[in-house]
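Now for the letters of each chain:
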Amino acid sequence: QARIASLLSVMRLHCVVGFTALFASGIETLPNCTAPEDNSTLKTATTRLTLSNMCKHHDPPLEDADFVKQCETFCSVGGKQVGLPLVMGTTTFGFDYTEMRQLCVGGGSEDDVPRYNETAVDYCEDRSDALSQIERRVAQFVSAVKVFKEEQRALRAKMQYQVGQLQIVLRSDEFQEQMDKEVDKIEVLRDTFREFRQEATGTGQAEFKSAMDEVKSSGDLLKKVMDESLQLFSEFLDNCNTMFLSVGSQNEFLLDICAQANEACVDAEGAAHVGCCCAVNPVTAGTAKIDGISELLELDASVDRRLQATSTDVCAEARELAKDAVADAQQRVRDFGSESLLQEQEAAMRDAYPEYSEKCGGGRRLEDLAGSRSREPVDDRPEPPPAADSRRAAVCEPTVDKATGLKVAITARSEDAMCKHGTPLTDDDMVEQCAKFCEPDGVQLLMGSATYGFSLDDAGSVCLPGPDQVLDHNATHIAECEKNSQAFSRVEVRAALLIARLEEFAAARLFYTAEVSVAVQELQDFVRSDEFNVKMDKAVDKMALFRSEIRKRIVEGLAASAGKQRLLSSMEALKAPSEALKLSLEVDLEKIRVFTEECNDLYLAPGPNKEFILDICGQGNEACFSDPKSLRVSCCCAKNPLANFGDGRQHLVNGITMFDEAWVAGGRRLQQENSSDSVVLDVCAEAWTAARPAVEQTWQDIADIGHAATVQAYLGEMKTSYGDSYCSFTLEGHDFEDSASSAVQTGVVWLGVSGLAMFMVREF
């Protein structure tokens, strides 16, 4: 390794294009060598090693392994071996410039490997960044979604806290004294609830609204880049899956490594040099350009460019972008005393995505979503419970509001004696019943206490539409809000599917790159074999023989390989979800905008039986709730649709479904199955789960051809760039996690996937 490092050090310091450098006197050089004449824009690169001596006269002599290392470095892309380094020559034979150019540039045929076509390369280079542009914008959008969901949770925590504060106010001695003195008690209660509504939907939502604005703006940017780049990416996939002759930043296509048979310049008659040119598939490399001499001129062992990832992992990028804002929102949830919301989310993720949660700490399958969103009421109680002796013989029947069709709900306790009779109901008991009625996340509005109560007309003036309404109720508007709310999850589902296909595409690129490396290694081994050297000794046209071996072992060998077929299928699989996400953004972003602008308010939230108010007990008399003179304790619920935006919940509360004995008009109680459950959809968990079978199979295929180190190199790159934000897949029998972590800690990152491993150690 020290010998290789010394060799590369010399190359870095003295690499030139076109032999134009002048060296200090006293250095032995090849006589009067100048750049080969070429009518094209292509240039030849050389190093001081080339000009100072023949291959075998260096100290120590340059060997075949040295030629391979120099060629791999010259052909690297972003410091990584993802192309086809073609070493032309060995310690036993070499070629002149014309022969090398003939192999590298070819005759202009589409079947040439490498294929030389400057127009096609420029075309591919113009489109090579299209996928990266899409990936970065998808990552920003997913990041915004992550932050929004945490802010949504923080909003729910804050509303729970505000409800608690409201209950403290309503039960305080000061408020009780005020209510004792007031003639129009319901107006005082309405004013208190109006103030609460203003706070719950006003300035207290600053962080949430900011997060929602970021979702919309990042969605707009994603739509814009999809409009601009999706067609370019499609063209890139369709037209650039070819091994092109690649050049560096100064148009260097050929590296003249050293003179093999004599000291003649590479373009002289009878010359025999060892050289190198490069073939790169833009689809697998992400570009049509190689590092070329910039890798030799600019890199130093202390520079960490090799540790910088050129690949993007969408979800890891999203986590990195979101982690500070997510942590801040989660801390506010804890500050509001709602740690249970975070615990519930973690439990839901573990239940919905067990493998992802175990591997990545954090997670329902796409095929489960449709069924989870459709919840039909289930009739589990055909008739009301019989009246007991202690009740008022069913004197009071639950009523129905004629204007809205909403119903009053009563319980067995409602039919008992008054609040203070029998087993007395305390203020705490009333709060508990109201909270149960409004679960899972409704805002409970308790009207009454042990000292005051209201008739249905008065209580309805808080809950139902009217001149003095506190809560709004518009079934058509709520239905439209619910419909537009689903736009958010549709975008999430489509984004998850695209990310899954991107994961599969990345794995397929690794597989094909590994297959190319295997083919290159086999070619290099054969070229150094006695069998091939005997053939070369006998051959008149040595380059023709060399070119035929390249075609047999590289072109024909890879034409129908498993890796190439996997690459082609993964390329095709990217197109449909890309178009689906683009279409969803075009349609659904507008629905998201409408939802956030028109649905941010506290609305009456009924139960699945249309029960809008719970008659708890009689406070001041035993009159039925519908009697204008009645004084009863009751409860209705409110919800802000934003608090459940996109989580699949309907604008409902549990209502009486959680009570053992409760009913509405008609004597039937309908229970909504799993009505309190939100649909757990995490974009990255869904993408990881969907991609896992294909990615892990591809990784196994890579390991089966002896290139587990290729996967290790990729994981090392991801871990270096993203740390714990990157969620890996697994491969039986390979502990990639430990090896990738070790690579990051020691600074060792594998460069080569070409059989002969080359690595550099960076000092930290």
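Once a new chain begins, its residue numbering starts again from 1 and follows that chain's sequence as written. Given that the model is predicted, a residue must reach a pLDDT of at least 70 before its local features are reported, and side-chain atom pairs must reach 80 or more before they are shown or counted; all residues, however, enter totals for whole chains, interfaces and linings. Each side-chain value is derived from all of the structure's non-hydrogen atoms; neither hydrogens nor water enter the calculation.

### Some points on the overall build of the chain
Filter applied, for reference: Each helix is a run of DSSP H or I of at least 4 residues and each strand a run of E of at least 2, with the numbering of both proceeding from the N terminus. Note on classification: 1.4 Å probe, protein chains only; a residue is buried when its accessible area is under 20% of the maximum for its type, exposed when over 50%, partly exposed between these limits. Every accessible area reported is derived by Shrake-Rupley at a probe size of 1.4 Å, with residue values counting cover from the shown protein chains alone.
Of the regular secondary structure elements, the chain holds 25 helices and 16 strands. Relative to its 764 residues, the chain shows a buried fraction of 56%. Element-wise, carbon and sulfur atoms account for 48% of the exposed surface of the chain, whose accessible area totals about 31700 Å².

### As for the side chain of Thr90
Where we set the bar: In this description, contact between two residues means that some pair of their heavy atoms is separated by no more than 4.5 Å.
Its location among the elements puts Thr90 in the loop between strand E3 (84–88) and helix H4 (97–105). Assessed through its relative accessible area of 3%, Thr90 is described here as buried. In this view, Thr90 contacts Asp64, Phe67, Gln260, Val274, Val527 and Asn533; residues no more than four positions away in its chain are not counted.

### Description of the packing of aromatic side chains
Worth spelling out the cut-off: In this scheme Phe, Tyr and Trp rings, the latter by its six-membered ring, pair at centre separations within 6.5 Å, and the angle between planes marks the pair as stacked below 30 degrees, edge-to-face above 60, and tilted otherwise.
Across all of its chains, the model carries 13 aromatic pairs by this definition. Residues Phe526 and Phe532 carry aromatic rings whose centres are separated by 5.3 Å and whose planes lie at 55° to one another, so their mutual orientation is tilted. Judged by its relative accessible area of 0%, Phe532 is buried. Following the ring pairs from residue to residue traces out a cluster consisting of Phe93, Phe95, Phe526, Phe532 and Phe546.

### A short note on helix H22 (residues 562–598)
We apply this condition: Expected helix span is given by 1.5 Å per residue-to-residue step, counting one fewer step than there are residues. Note on bend: at a given residue it equals the angle between the axes fitted to the 7 residues ending there and to the 7 starting there.
Taking 1.5 Å per residue as the helical rise, H22 with its 37 residues ought to reach 54 Å, and the 53 Å between its terminal C-alpha atoms agrees with that figure. The sharpest bend along H22 reaches about 35° and sits at Glu586.

### Regarding the state of the cysteines
Threshold: Disulfides are defined as cysteine sulfur pairs within 2.5 Å.
A full pass over the atoms with the stated rule returns 13 disulfides. The disulfide partner of Cys75 is Cys278, and the gap between their sulfur atoms is 1.9 Å. Between Cys75 and Cys278 the disulfide shows an S-S torsion of about -80°. By sign, it is left-handed. Of this pair, Cys75 sits in the loop between helix H3 (64–74) and E3 while Cys278 sits in strand E6 (residues 273–280), and the two are 203 residues apart along the sequence. Covalent S-S linkage joins Cys396 and Cys624, the inter-sulfur distance amounting to 1.7 Å. Residues Cys396 and Cys624 share a disulfide whose torsion about the S-S bond is about -85°; that sign makes it left-handed. You can see Cys396 sitting in the loop between strand E7 (377–381) and strand E8 (407–411) and its partner Cys624 sitting in the loop between strand E11 (611–618) and strand E12 (632–639), a full 228 residues away along the chain. Like Cys624, Cys396 is buried.

### Topic: the packing of helix H6 (residues 130–170) against helix H8 (residues 185–201)
As a reminder, the rule being used: Simply put, an axis is a line fit to the C-alpha atoms, just over the touching stretch for a helix, and the angle between two N-to-C directions goes from 0 to 180 degrees. Geometric relationships in this document are graded by angle, where less than 35 degrees denotes roughly parallel, more than 145 denotes roughly antiparallel, 65 to 115 denotes roughly perpendicular, and other angles denote oblique. Crossing chirality is assigned from the near helix's rotation relative to the far helix, an anticlockwise turn below a right angle marking it left-handed and a clockwise turn marking it right-handed.
Running from N to C, H6 and H8 point in directions that differ by 160°, and their axes come no closer than 11 Å. As far as their axial angle goes, H8 and H6 are roughly antiparallel. Handedness of the H6/H8 crossing: right-handed. Note on element contacts: H8 touches H6 through Leu189, Thr192, Phe193, Phe196, Glu199 and Ala200, opposite Lys158, Gln162, Val163, Leu166 and Leu170.

### Quick notes on the pattern of salt bridges
To keep it simple, the criterion reads: In the sections that follow, a salt bridge refers to a side-chain nitrogen of Lys or Arg positioned within 4 Å of a carboxyl oxygen of Asp or Glu.
Following the criterion strictly, the structure yields 36 salt bridges and no others. Here Arg501 makes a salt bridge to Glu504, at a shortest N to O gap of 3.0 Å. Residue Arg501 and its partner Glu504 are located together in helix H19 (residues 475–527), separated by three residues, close to a single helical turn.

### Considering unusual backbone geometry
Backbone torsion omega between Asp59 and Pro60 reads 0°, so that peptide bond is classified as cis. The phi dihedral of Asn251 is positive, around 65°, even though this residue is not glycine. Within the secondary structure, Asn251 is located in the loop between strand E4 (244–245) and strand E5 (252–259). One non-glycine residue with positive phi stands out, namely Lys610, at about 70°. Inspection of the secondary structure assignment puts Lys610 in the loop between strand E10 (603–604) and E11. Among the residues examined, Lys610 registers a relative accessible area of 48% and is labelled partly exposed.

### Regarding the environment of Leu406
By secondary structure assignment, the location of Leu406 is in the loop between E7 and E8. Residues Leu406 and Glu611, spaced 205 residues apart in sequence, show a C-alpha to C-alpha distance of 5.9 Å. Non-local contacts of Leu406, meaning those with residues more than four positions away in its chain, are made with Thr399, Val400, Asp401, Leu464, His473, Leu604, Pro606, Lys610 and Phe612.

### Looking at the nonpolar core
Note the following rule: Buried residues of nine kinds, namely Ala, Val, Leu, Ile, Met, Phe, Trp, Tyr and Cys, make up a nonpolar core once their side-chain atoms join them within 4.5 Å.
Counting 162 residues, the largest nonpolar core has Met447, Ile613 and Trp699 as its most contacted members. When residues in this core are grouped by element, the largest group, 24 residues, is from H19.

### So, the packing of helix H7 (residues 173–181) against H8
Heads up, the condition is: Any residue that is not Ala, Val, Leu, Ile, Met, Phe, Trp, Tyr, Cys, Pro, Asp, Glu, Lys or Arg is counted as polar, Gly included; the first ten are nonpolar and the last four charged.
At a closest axis distance of 8 Å, the pairing of H7 and H8 adopts a crossing angle of 145°. The element H7 and its partner H8 pack so that their crossing is right-handed. Mapping the contact onto sequence places Phe175, Gln178, Met179 and Asp180 in H7 and Lys185, Val188, Leu189 and Thr192 in H8. The class makeup of the residues in the contact of H7 with H8 is four nonpolar, two polar and two charged.

### Section: empty space enclosed by the protein
The criterion, for reference: Cavity: a set of points on a 1 Å grid over the protein atoms alone where a 1.4 Å probe fits but cannot get out. Pocket: an open set with protein on both sides within 12 Å along at least five of seven lines, its lining residues, like those of a cavity, having an atom within 4 Å of a point. Grid points are joined across faces, edges and corners, and a volume is the space filled by probe spheres set on the points.
Here the largest cavity is characterised by a volume of approximately 140 Å³. Contributing to the lining of the largest cavity are 15 residues, with Val68, Val87, Gly89, Gln524 and Val527 lying nearest its centre. The biggest single contributor to the lining of the largest cavity is H19, with four residues. Of the residues contributing to the lining of the largest cavity, the split by class is 10 nonpolar, three polar and two charged.

### Considerations on helix H17 (residues 427–437)
For the α-helix, the turn length of 3.6 residues means that residues three or four positions removed from each other point alike. We apply this condition: To be clear, the arc concerns the directions from the helix axis to the C-beta atoms.
Of the positions making up H17, those classed as buried are Met430, Val431, Gln433, Cys434 and Phe437. In an axial view of H17, the angular spread of the buried residues amounts to 165°, which keeps them on one side of the axis.

### Focus: the side chain of Glu515
Note the cut-off: Charge convention: Lys and Arg are scored as positive, Asp and Glu as negative, and His as well as the terminal groups of each chain are ignored. The definition of a polar contact used here is a pair of N or O atoms within 3.5 Å, where within protein one atom must be able to donate a hydrogen and the other to accept one, and adjacent residues in sequence count solely through side-chain atom pairs.
Position of Glu515 among the secondary structure elements: in helix H19. No salt bridge is formed by the buried Glu515; the nearest opposite charge belongs to Arg566, separated by 7.7 Å. There is a polar contact of 2.9 Å between the side chain of Glu515 and the backbone nitrogen of Gly563. Not counting the four nearest positions on each side in its chain, Glu515 is found in contact with Leu558, Ser561, Ala562, Gly563, Lys564 and Ile705.

### Some words on the environment of Glu696
Among the structural elements, Glu696 can be located in helix H23 (residues 683–704). In this structure Glu696 comes out as buried when scored by relative accessible area, which is 17%. C-alpha separation for the pair Glu696 and Ala507, spaced 189 residues apart in sequence, amounts to 8.5 Å. Discounting residues that sit within four places of it in the chain, Glu696 has contacts with Phe729, Thr730 and Leu731. Side-chain polar atoms of Glu696 contact the side chain of Thr730, separated by 2.9 Å.

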